Amino acid sequence: MLDKLREGAQGKVAKVILGLIILSFALAGVGSYLNGPARTAPATVNGTEISAAALENAYRNERARMESKMGEAFSQLAANPDYMKQFRRGVLDRLIDQALLDSKARELGLRISDEQIKQAIVAMPEFAENGKFNNDRYLQLIRRAGMTPEMFRDSLRQDTVRQQLMGALVGTEFALKGEAEQLDKLFNQTRDLRLVRLAAANYVADVQVSETELEQYYKTNGARFMNDEQVKVDYLLLDAATLGNEIKVSDQDAQDYYDQHQDLFQRAERRQVAHILIPFGKDEKAAEQKAEAVLAKAKGGDDFAALAKADSSDTFSAKKGGELDWFEQGVMDPAFEKAAFALNKAGDLSTVVKSPFGFHIIKLLGVEAAQTKPFADVKAETITRLQADKAKELFFAEQQKMADNSFENPDSLDLTADAMGMKVQSSDYFTQANAPAPLNDGKVLSVAFSEQLRDDNTNSDVIELADGKALVLHITGHRPKAVKPLAEVKEQVIAAIKHDKAGEVARGKAQGLLDKLKVGESINADLTALGLKVETHQGVTRFDREMDQNLIAQAFTLPHPKDGKPSVALVTESNNDRVVVALDKVNVPAAPSQMVSMLQGQLGQGKAQADYKSLIDELRKTAKIEYFTSVEATVE
């Protein structure tokens, strides 16, 4: 049998089969080598990976910063997938730039010693208590940030080396004072103008619109007559205030809460004082001397009430011998209050105390020690507090229940509503601009107009709103952005065509006036015929907000007048009016303004930023940078 097996193995068929098996294993090995492991980095720089974790951390930090800075406006931007794609790429590009800077710093041999890092950590105010570095606080804070001391040290070293490179590059840039003065003169330059305005509205009645023009304009400018994207939703709204109204609190419950939380019902220490106020007047030193003299009289035994009536400028309290009402800390001026609460017993006098109102002499009349308010006085407040606490607990429990049910039954909100004893509320179609309350919240709108949620046809996550409210929604209808039917916008289209044609009529008449001005001819007769007047504006600045900004921009690009002849131009204002502009004079300040030093600093910063951009551009030219968009897109 063995001989037969050997003979079979040496046959041609067996050799072919064996060869195919070997070839399949070889190809499998090559394939695995070519495919390699799954890509996990969103980008590489000269073969070094930018990790997905680094991008995710930087992305979240930048997003939190923008949300804090822009509020609801950023939430609306975040609802746009294209915007967030660019936002994410911007964050990734900054990480790549940092990697390039780190590589350049290593190439230049820049180093930061362990002692410098140690001194930097010790000097950080975040790790100080009572003005001194506290190691326990340091460890607590970096652990809370998810870092070890070694990780924090290495991160700080990297940042410091990067700053060292940037300091050497941009910290040495500067601008000359002469540059700033020249720019200052340009900023503060003014111009004397004469204007002839031809309003498009004056010629609307002279133009007609044909059906062909109507249809052609509608087809060409469809984007001007679009319906905004609309959705309608079902939603469940959870309101802590409503839950609180349903909570019953017994007298015994209120008494128990009062007994357990007496710190909430403390009345702070109160004091009553009398004072004498000497105002600063024109001579503050003389006023202080007078206050010292009055204090000496009071200490010498003179009646304080009589002194107050005679010398205090606080006429209201002076009538009562300087007596003020009882007060707690946090009510009076800090300096006055500090002095009043430093007195020990009734009859004690303060030194002369300075406040924004003048100089005071304070006499302590009485002290009421801190005490707990009786239950009878705070019973209603106790019930309200207990209801609020219980409502908060119930709200969070109901919110979790709503989240669980809506997740387990994603096709609609009906089963969730049944389980919670709530009623599904339905909206009509709305846009992002006219959403009804409570749907007019940036976070809600971001979800309601989410393409993914619409495509999945599932319930949203629970969305927390302000004022103790939360909701979950389900998109039930969607109307994409689309051009409105011509019949619906016909009057708007006709008005737009007439406005444009009227503007062209105004342009033609204005061009005729401009042509005459260019050759030095008088236009007075034309102005009379057209019923127009010349507007004169002296000393117009670049930052004039009362005039059309298109006109201002054009006026300040006109060349200086020569040989007594004005520089002229035809300007189209933002409302489609045409204006003939004549520049008669350019007024240049004789001396620089107080802005020079600020402008010099801004010029230096601008040059430094240009240097930084040039360095990054040069480093990018010589680096091998690869983006892996499929990985980048997974970072949220």
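Residues numbered from 1 in each chain as written. Predicted model: local features only at pLDDT ≥ 70, side-chain atom pairs only at ≥ 80, totals over all residues. Heavy atoms only, no water.

Chemist: Could you clarify how one ought to interpret the overall build of the chain in this entry?
Modeler: Secondary structure assignment for the chain yields 25 helices and 20 strands. Here the C-alpha atoms of the chain give a radius of gyration of 39 Å, more than 25% beyond the 26 Å that 2.2 N^0.38 yields for 636 residues. Projected onto the principal axes, the alpha-carbon positions of the chain cover approximately 130 × 110 × 70 Å. In the chain, the proportion of contacts linking residues at least 24 apart, taken out of those at least 6 apart, comes to 73%. Accessible surface for the chain amounts to roughly 38,600 Å². Of this, 51% is attributable to carbon and sulfur atoms. Side-chain charges in the chain split into 80 positive and 94 negative, and the spacing between the mean points of these groups amounts to 5 Å. (Helix = DSSP H or I, 4+ residues; strand = E, 2+ residues; numbered from the N terminus. Rg over C-alpha atoms; globule rule 2.2 N^0.38 Å. Contact = heavy atoms within 4.5 Å. Areas by Shrake-Rupley, 256 points an atom, 1.4 Å probe, with all protein chains shown as cover. Lys, Arg positive; Asp, Glu negative; His and termini not counted. Charge placed at Lys NZ, Arg CZ, Asp CG, Glu CD.)

Chemist: Is there a simple way to explain the sheet that holds strand β14 (residues 463-465) in this structure?
Modeler: Where strands meet in a sheet, backbone hydrogen bonds hold them as pairs that are either parallel or antiparallel. Reading across from one edge, β13-β7-β15-β14 is the order of the four strands in this open sheet, with antiparallel pairing throughout. Taken across any chain shown, the strands that pair with only one partner, and hence form the sheet edges, are β13 (425-426) and β14. Pairing analysis gives two bridges linking strand β7 (residues 230-239) to β13, with the strands arranged antiparallel. Directly across from Tyr-235, in β13, lies its bridge partner Gln-425. Running over the sheet, helix α17 (residues 375-408) touches β7, β14 and β15 (469-479) and is turned about 30° from β15. (Pairing = 2+ DSSP bridges. Axes fitted to C-alpha atoms, helices over the stretch in contact; angles between N-to-C directions.)

Chemist: Any chance you could explain the confidence of the model for the chain here in plain terms?
Modeler: Do not read the fine detail of predicted coordinates wherever pLDDT is low. The predicted model of the chain has a mean per-residue pLDDT of 87, with 93% of residues at 70 or higher. A low-confidence stretch, residues 28-36 stays under pLDDT 50, and its non-local contacts, those more than four residues away or across chains, total zero contacts. (pLDDT = per-residue confidence, 0-100.)

Chemist: I'm lost on the UniProt feature "domain: PpiC" (unreviewed entry) in the chain in this one. Help?
Modeler: In the UniProt entry, the feature "domain: PpiC" (unreviewed entry) is given for residues 268-366. In residues 268-366, helix accounts for 37% and strand for 21%; the two terminal C-alpha atoms are 14 Å from one another. (UniProt positions renumbered as here; feature names shortened; annotations may be inferred.)

Chemist: I tried to follow the pattern of salt bridges on my own but got confused; where do I start?
Modeler: Side-chain pairs of opposite charge can arise where the charged atoms are in close proximity. Scanning the entire structure with this criterion turns up 27 salt bridges. We note a salt bridge from Glu-67 to Arg-63, for which the minimum N-O separation is 3.4 Å. Remark: Arg-63 and Glu-67 occur in helix α3 (residues 52-70); sequence separation between them is four residues, near one turn of the helix. Exposure remark for Arg-63: the relative accessible area of 26% places this residue in the partly exposed category. Between Lys-354 and Glu-284 there is a salt bridge, and its shortest N-O distance comes to 2.7 Å. With Lys-354 in strand β10 (residues 353-355) and Glu-284 in helix α13 (residues 284-299), this residue pair connects regions lying 70 residues apart in the sequence. Through salt bridges that share partners, Glu-62, Arg-65 and Arg-94 make up one connected network. (Salt bridge = Lys/Arg side-chain N within 4 Å of Asp/Glu carboxyl O. Buried < 20%, exposed > 50% of the residue type's maximum accessible area, 1.4 Å probe, protein only.)

Chemist: Explain the sheet that holds strand β20 (residues 625-627) to me, please; I cannot follow it from the model alone.
Modeler: The three strands lie next to each other as β2-β1-β20, forming an open sheet whose pairing is antiparallel. Each edge of the open sheet carries a strand with a single partner, namely β2 (48-50) and β20. Pairs of neighbouring strands in the sheet enclose a mean axial angle of 20°, with direction left out of account. Judged from the three bridges that link them, strand β1 (residues 43-45) and β20 form a sheet pairing that is antiparallel. Bridge pairing in β20 places Ala-43 opposite Tyr-627. Sheet contacts for helix α5 (residues 81-108): β1, β2 and β20; angle to β20, the most-contacted strand, approximately 155°.

Chemist: Looking at this structure, I do not really get the packing of α5 against helix α24 (residues 596-622). What am I missing?
Modeler: Packed helix pairs are characterised by how far apart their axes lie and by the angle those axes make with each other. Contact pair α5 / α24: the axes reach a minimum separation of 10 Å and the direction vectors enclose 85°. Taken together, the axes of α5 and α24 lie roughly perpendicular to each other. Here α5 contributes Asp-93, Ile-96, Asp-97, Leu-100, Leu-101 and Lys-104 to the contact with α24, which in turn contributes Tyr-612, Leu-615, Ile-616, Leu-619 and Arg-620. Taken together, the residues of the contact of α5 with α24 sort by class into seven nonpolar, no polar and four charged. (Parallel < 35°, antiparallel > 145°, perpendicular 65-115°, else oblique. Nonpolar A, V, L, I, M, F, W, Y, C, P; charged D, E, K, R; others polar.)

Chemist: What am I meant to see in the packing of α5 against helix α8 (residues 149-170) here?
Modeler: The contact between α5 and α8 brings their axes to 9 Å, and the two run at 75°. When the axes of α5 and α8 are compared, the pair comes out roughly perpendicular. Taking contact as the criterion, the partners of Gln-98, Leu-101, Asp-102, Lys-104, Ala-105 and Leu-108 in α5 are, on α8, Gln-158, Val-161, Arg-162, Leu-165 and Met-166. In terms of residue class, the contact of α5 with α8 is made up of six nonpolar, two polar and three charged.

Chemist: I keep staring at the packing of aromatic side chains and nothing clicks. Help me out?
Modeler: How two aromatic rings sit relative to each other is set out by the distance from centre to centre and by the angle between their planes. Evaluated as defined, the whole model comprises 15 aromatic pairs. When the centroid spacing of 5.8 Å and the interplanar angle of 75° are considered together, the rings of Tyr-59 and Phe-87 count as edge-to-face. With Tyr-59 in helix α3 and Phe-87 in helix α5, this residue pair connects regions lying 28 residues apart in the sequence. For Tyr-59, a relative accessible area of 1% corresponds to the buried category. Residue classification places Phe-87 among the buried residues on the basis of a relative accessible area of 11%. With a centroid separation of 5.1 Å and an interplanar angle of 75°, the aromatic rings of Phe-127 and Tyr-138 are classed as edge-to-face. Pair noted here: Phe-127 is in the loop between α6 (114-123) and β3 (128-129) and Tyr-138 is in helix α7 (residues 135-144), with a separation of eleven residues, a long-range link. Each member of the pair, Phe-127 as well as Tyr-138, carries the same accessibility label: buried. (Phe/Tyr/Trp six-rings, centres within 6.5 Å; stacked < 30°, edge-to-face > 60°.)

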